[in-house]
Amino acid sequence: SAVISQKPSRDICQRGTSLTIQCQVDSQVTMMFWYRQQPGQSLTLIATANQGSEATYESGFVIDKFPISRPNLTFSTLTVSNMSPEDSSIYLCSVQEGRHGYTFGSGTRLTVV
Amino acid sequence: EDQVTQSPEALRLQEGESSSLNCSYTVSGLRGLFWYRQDPGKGPEFLFTLYSAGEEKEKERLKATLTKKESFLHITAPKPEDSATYLCAVQAGGQNFVFGPGTRLSVLP
């Protein structure tokens, strides 16, 4: 299965600032997925990132708040913009692996103070 | 609307005390049900995929079963290293998955 490297693993940020999370996959993939996991809650899909086109955002998530880049078939970034304490979550990058469902990166634990 | 619930929210077991975790779902056209294990500070790790009612999968002390409305993850003689959050997810007619909130399992030595 794919190996996904995600960084940073954690960060503490001031409100009003932005953080960019990087995700590197060890193989070429068509789609990459960004999830959010708020404390005590299930995973929620933020957006799907396809190489060469704009990301597709789920209801409740907008590009101005969570801009995504997908410059090639192995890399993607998610930016959390103008952060507030409500953005404190774990952010996960993932790829689909057929019968295995998703393979996830190790996640970025974000705390906004 | 597709929904997934898991129970209990948290479970504490003594080492060797077998038990089951439940995942209940309502989806239109189940394509697959997935179980993941998530350790603190890590992303979810794939355990099992089940596709149809009556199907069972086993891996070491874990056994997953599926009916038309729910799935169970049975843990036989658990060890402290089985402590983790166990997530259930379903894939319905579309591409996206719906995840349950998870069950936090603690196995005490």
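About the cut-offs
- Residues numbered from 1 in each chain as written.
- Chains lettered and ligands numbered in written order.
- Predicted model: local features only at pLDDT ≥ 70, side-chain atom pairs only at ≥ 80, totals over all residues.
- Heavy atoms only, no water.
- Pairing = 2+ DSSP bridges.
- Helix = DSSP H or I, 4+ residues; strand = E, 2+ residues; numbered from the N terminus.
- Axes fitted to C-alpha atoms, helices over the stretch in contact; angles between N-to-C directions.
- pLDDT = per-residue confidence, 0-100.
- Core = buried A, V, L, I, M, F, W, Y, C linked by side-chain atoms within 4.5 Å.
- Buried < 20%, exposed > 50% of the residue type's maximum accessible area, 1.4 Å probe, protein only.

Attention now moves to the sheet that holds strand E7 (residues 62–66) of chain B. Residues and elements named next belong to chain B. The strand order E1-E3-E8-E7-E6 describes an open sheet built from five strands, whose pairing is antiparallel. Edge strands, defined here as strands with exactly one partner in the open sheet, are strand E1 (3–7) and strand E6 (56–59). Sheet twist, expressed as the average angle between the axes of neighbouring strands with direction ignored, equals 15°. Pairing of E6 with E7 involves four bridges; the strand directions are antiparallel. When the sheet's bridge partners are listed, Glu 56 is paired in E7 with Thr 65.

Predicted confidence across chain A gives a mean pLDDT of 94, with 100% of residues reaching 70 or more. In the model of chain A, strand E10 (residues 102–104) of chain A stands out as the element of lowest mean pLDDT, 93, in contrast to strand E3 (residues 19–25) of chain A, which has the highest, 98.

Okay, the sheet that holds E3(A) next. Residue and element names in this part refer to chain A. Within the open sheet, the four strands sit side by side as E1-E3-E8-E7. Their pairing is antiparallel. Taken across any chain shown, the strands that pair with only one partner, and hence form the sheet edges, are strand E1 (4–7) and strand E7 (68–72). On average, each strand axis in the sheet is tilted by 15° relative to the strand beside it, whichever way the strands run. Where E1 and E3 come together, four bridges link them in antiparallel fashion. For Ile 4, the partnering residue across the bridge sits in E3 and is Val 25.

A word on the nonpolar core. Counting 26 residues, the largest nonpolar core has Trp34(A), Ile46(A), Phe66(A), Ile68(A), Leu78(A), Tyr91(A) and Leu110(A) as its most contacted members. Elements that contribute at least two residues to this core include exactly E3, strand E4 (31–37), strand E5 (43–50), strand E8 (75–80), strand E9 (89–96) and strand E11 (108–112) of chain A. Looking at which element gives the most residues to this core, the answer is E3(A), with four residues. Within the second largest apolar cluster, 22 residues are counted, among which are Cys23(B), Tyr25(B), Leu62(B) and Ile75(B).

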